[in-house]
Protein chains: 2
Amino acid sequence: MNTITKQNERRLVTLLRSKGPITRMQISELLSVQPSTVTRLVNDLFMRDILEEVADPERSGRRGFPSKLVGLRADSFYSAGVFVDPGTLFTCIVDSHGKLLSEESRLIVDRNFESVFGHAGRMIDRQILDLGLNRNAFIGCGISYPGQHTNKPGKVLRTTYLAEWPDIDARTDLEPFFDMPVHQLNDAKSACLAELLFGICKPIHNFCYIWLSYGIGGAAVIRQNLYLGERMVTAEFGGLFPKSQPRPSGQDLLDTLAQAGHSFTRLEDIPDALLSGPVVQAWVDRAIGQLRWLSLVIMRTFAPEAIVIGGRLGDPILDRICQELGQMETLGEDYAIGMPAFLRAETDHKPQLGAAALPVYFGTSIAEPA
Amino acid sequence: MNTITKQNERRLVTLLRSKGPITRMQISELLSVQPSTVTRLVNDLFMRDILEEVADPERSGRRGFPSKLVGLRADSFYSAGVFVDPGTLFTCIVDSHGKLLSEESRLIVDRNFESVFGHAGRMIDRQILDLGLNRNAFIGCGISYPGQHTNKPGKVLRTTYLAEWPDIDARTDLEPFFDMPVHQLNDAKSACLAELLFGICKPIHNFCYIWLSYGIGGAAVIRQNLYLGERMVTAEFGGLFPKSQPRPSGQDLLDTLAQAGHSFTRLEDIPDALLSGPVVQAWVDRAIGQLRWLSLVIMRTFAPEAIVIGGRLGDPILDRICQELGQMETLGEDYAIGMPAFLRAETDHKPQLGAAALPVYFGTSIAEPA
DNA sequence: ATTTTTATTTTGCATAGCGCAAAATAATCA
DNA sequence: TGATTATTTTGCGCTATGCAAAATAAAAAT
């Protein structure tokens, strides 16, 4: 694989992903390096087929050496993603822009760890073959599933749904199934990376992600870097809610519906009629109040520019939550600092995109120094 | 001033401050650089009188080239600190280890901004003269006072006590009074830096500081770096408490005592007898419950190794709070990750030390890359 | 049509920083 | 006294990058 290792190379790639194609002069200013350094950097990455020049539509009729835009090539590398829904296995291949090139899903009948990842590996292999891609054009494979990270570095707590799974280490336990570098993060943190690299957060340097799925997860991005701490247990927003009422998770929604006589196991199964009905609406109203409080906590701790709402609750609910939070004038009584932007996640429909974002993030991004 | 600019120089200084004197081999390993690089780095800093060799008491009777310890020189530079208590001006000079070389305080009679900082500048000048120090051996002067940072970069919100003050920018408004680089941060964040550089947190890379003074402030240190975000309004823990009961601030303690018939304006005026009496004890009990909840919030967001308790509430109260929090088995019902260490701040008796820590931090520390 | 002006990009040169390998050093051990 | 050992330094070369001058390709002026 065509690895991007140098400090300034990664800074450049991160910049271009965030800004889209820009001129060499802009690169020079934004990276605080000399134009000559940009030339060498860019030429080197051209030769390695990582960057390309694209026509500048705005640039015409102006004096001086015509500037050309430099951008990331979509086909500079590819990434594979595996998302393990408790009942279904989702796999996909994306290009370096995060465009979904192929996807394949499969019901999980045998929940055994070896069985699941054996299938996942074969599904990825098949897709690479079908797309006619070169295997070593792959920067890696990302694995994601619901669960809370433990203190052990590189391990993810087994979920309640997959209770028989062992604590899994990406390198030793998963790599044999995929024959490429493997990265692993839980669903919330992976989804957050998909927004950062491929979605609505591309231009945003500091944000927090509230992941509303069957459970509630979260992630914080600081200076375009996922904040993991040393134990990966940071920004676990689900655990913050007071126990006086149930936290506004998808599981709680299912429970609420069940109590009203509508039993479903999966969030996707809730019919639209019910989603716009009074039971769900009342639940959403309560959730918005709770999430407003959570947003206050986030602003008092991380104080990000934006709070991103995403998850698997579905568009009707998440859109409304995001919209109503965004219209609020304040988050609390003595809340004096400005309101964050509330953004609706773009990539949460396909959690396998989050998984595919992991190798891109760990393989091409970098922390800016303070 | 003998500035420390190079990346590895700052990494080395940060390392030595954190670890104390260590051998060149240890430096090589801990910084992941070649021994030869250490030699050059260290020799360069020797010549600039920033480092010194100290005898290794443990190293004797062992084979091989005897290793000598390399440490920071106490006199490599000095720093000045100004802390503005609403009623009193505290100034000090410290050496590079944070040892207090001199201090001077003065009641504030004229609260006018120019008057206060005019006095502060002259007090610092006098102390430099008295100590016989060279003015350009100073890395800078730190200014600290209670208040919440605003969104405007480099500005500190004027406190309620000093309401007539304008928003102050360190560079433009304060530098004229001191004739050296000036840095400015509120009381909580400055105190946090004093613990990081001079106090109990020297060996700790990730911690959060709960500052219990007349108000409640906070700060977060991530990988030995103060986390300020872009607006400096991060980790404002005081704003997190539910409004159902008053937040456990010094002001609340004074109010509580006043209601019990004991009126004081300053926390230092509370007599010991009262501090060990039932009114204060009951207040502390309530405070511990509230701070336990705050600690849970901190662990769910920043998930630091340690939570540090400091402020101006005085030793009897703060010691007890810290001790009781540290003995708890859990922070909440479904709290599954390990307990943080609860540490009692060492430098909070002298908030001017926090101010003096600012130039040291901004002038010699560095963020480690992720 | 040619020259000038302009903004952008590239080239040549110099230097700082650091890795690698070999040498030097100062102690203990045989 | 010489061998062994751990640590530190020296010599060499490479890479990344800054700086200044040159080259480039367009518009504007002549």
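So, here is what we can say about the structure in this document. (Residues numbered from 1 in each chain as written. Chains lettered and ligands numbered in written order. Predicted model: local features only at pLDDT ≥ 70, side-chain atom pairs only at ≥ 80, totals over all residues. Heavy atoms only, no water.)

A short note on the relation of the copies chain A and chain B
No. 1: Superposition record for chain A on chain B: RMSD 0.1 Å, screw rotation 180°, translation along axis 0.0 Å. One copy is carried onto the other by what is essentially a two-fold rotation axis.
No. 2: Interface overlap between copies: 100% of the residues of chain A at the interface are likewise at the interface in chain B, consistent with a symmetric, same-surface contact. (Least-squares fit on C-alpha atoms with pLDDT ≥ 70 in both. Contact = heavy atoms within 4.5 Å.)

Description of the nonpolar core
No. 1: Grouped together as the largest cluster of nonpolar side chains are 90 residues, with contacts concentrated most on Phe-302 of chain A together with Phe-302 of chain B.
No. 2: In contact with Phe-302 of chain B, not counting residues within four places along its chain, are Tyr-227, Thr-234, Thr-301 and Phe-302 of chain A together with Cys-208, Ala-220, Ile-222, Tyr-227, Ala-235 and Phe-237 of chain B. (Core = buried A, V, L, I, M, F, W, Y, C linked by side-chain atoms within 4.5 Å. Buried < 20%, exposed > 50% of the residue type's maximum accessible area, 1.4 Å probe, protein only.)

Quick word on the interface of chain A and chain B
No. 1: Each partner contributes to the interface: chain A provides 32 residues, whereas chain B provides 32 residues.
No. 2: At the boundary of chain A with chain B, total buried surface from both sides reaches about 2,900 Å², with 52% on carbon and sulfur atoms.
No. 3: Summed over the three residues of chain A that lose the most area to chain B, namely Arg-231, Arg-300 and Thr-301 of chain A, the buried surface amounts to 20% of that side.
No. 4: Among the ionic pairs, Lys-243 of chain B bridges to Asp-334 of chain A, the shortest N-O distance being 3.6 Å.
No. 5: Run the count over chain A and chain B and you get 12 residue pairs in polar contact (both at pLDDT 80 or more). (Buried area = accessible area lost by both parts, 1.4 Å probe. Salt bridge = Lys/Arg side-chain N within 4 Å of Asp/Glu carboxyl O. Polar contact = N/O pair within 3.5 Å; in protein donor to acceptor, adjacent residues only side chain to side chain.)

What about the protein's contact with DNA strand C?
No. 1: Around DNA strand C sit 25 residues in total, of which Phe-65 of chain A together with Lys-6, Asn-8, Gln-34 and Phe-65 of chain B are the nearest.
No. 2: Take the atoms of DNA strand C that sit within 4 Å of the protein: sugar and phosphate atoms are 71% of them.
No. 3: One of the side-chain N or O atoms of Arg-40 of chain B is found 3.2 Å from a base oxygen in DNA strand C.
No. 4: In this structure, a sugar or linking oxygen belonging to DNA strand C sits 3.2 Å away from a side-chain N or O atom of Arg-63 of chain B.
No. 5: Only helix H2 (24-31) and helix H3 (35-47) of chain A together with helix H3 (35-47) of chain B provide two or more residues apiece to the surface near DNA strand C. (Near = heavy atom within 4 Å. Helix = DSSP H or I, 4+ residues; strand = E, 2+ residues; numbered from the N terminus.)

Here we look at the pattern of salt bridges
Residue and element names in this part refer to chain A.
No. 1: Applying the stated criterion to the full structure yields 50 salt bridges over all chains.
No. 2: Between Glu-268 and Arg-266 there is a salt bridge, with its nearest N and O atoms 3.6 Å apart.
No. 3: Accessibility expressed as a relative area gives 44% for Glu-268, which makes it partly exposed.
No. 4: Put simply, Lys-6, Glu-9, Asp-44 and Arg-48 are held in one network by salt bridges that share partners.

Details of the sheet that holds strand E14 (residues 306-311) of chain B
Residue and element names in this part refer to chain B.
No. 1: With mixed pairing, the five strands of this open sheet are ordered in space as E13-E12-E11-E14-E15. The two strands at the open ends of the sheet, each matched to only one other strand, are strand E13 (225-226) and strand E15 (341-344).
No. 2: Two elements, strand E11 (residues 207-212) and E14, share six bridges in a ladder whose sense is parallel. Bridged to Ile-210 within E14 is Ile-309.
No. 3: On top of the sheet, helix H10 (residues 315-326) reaches E11, E14 and E15; it is set at about 165° to E15, its chief contact. (Pairing = 2+ DSSP bridges. Axes fitted to C-alpha atoms, helices over the stretch in contact; angles between N-to-C directions.)

Treat this as a map of the structure, not an account of what it does.
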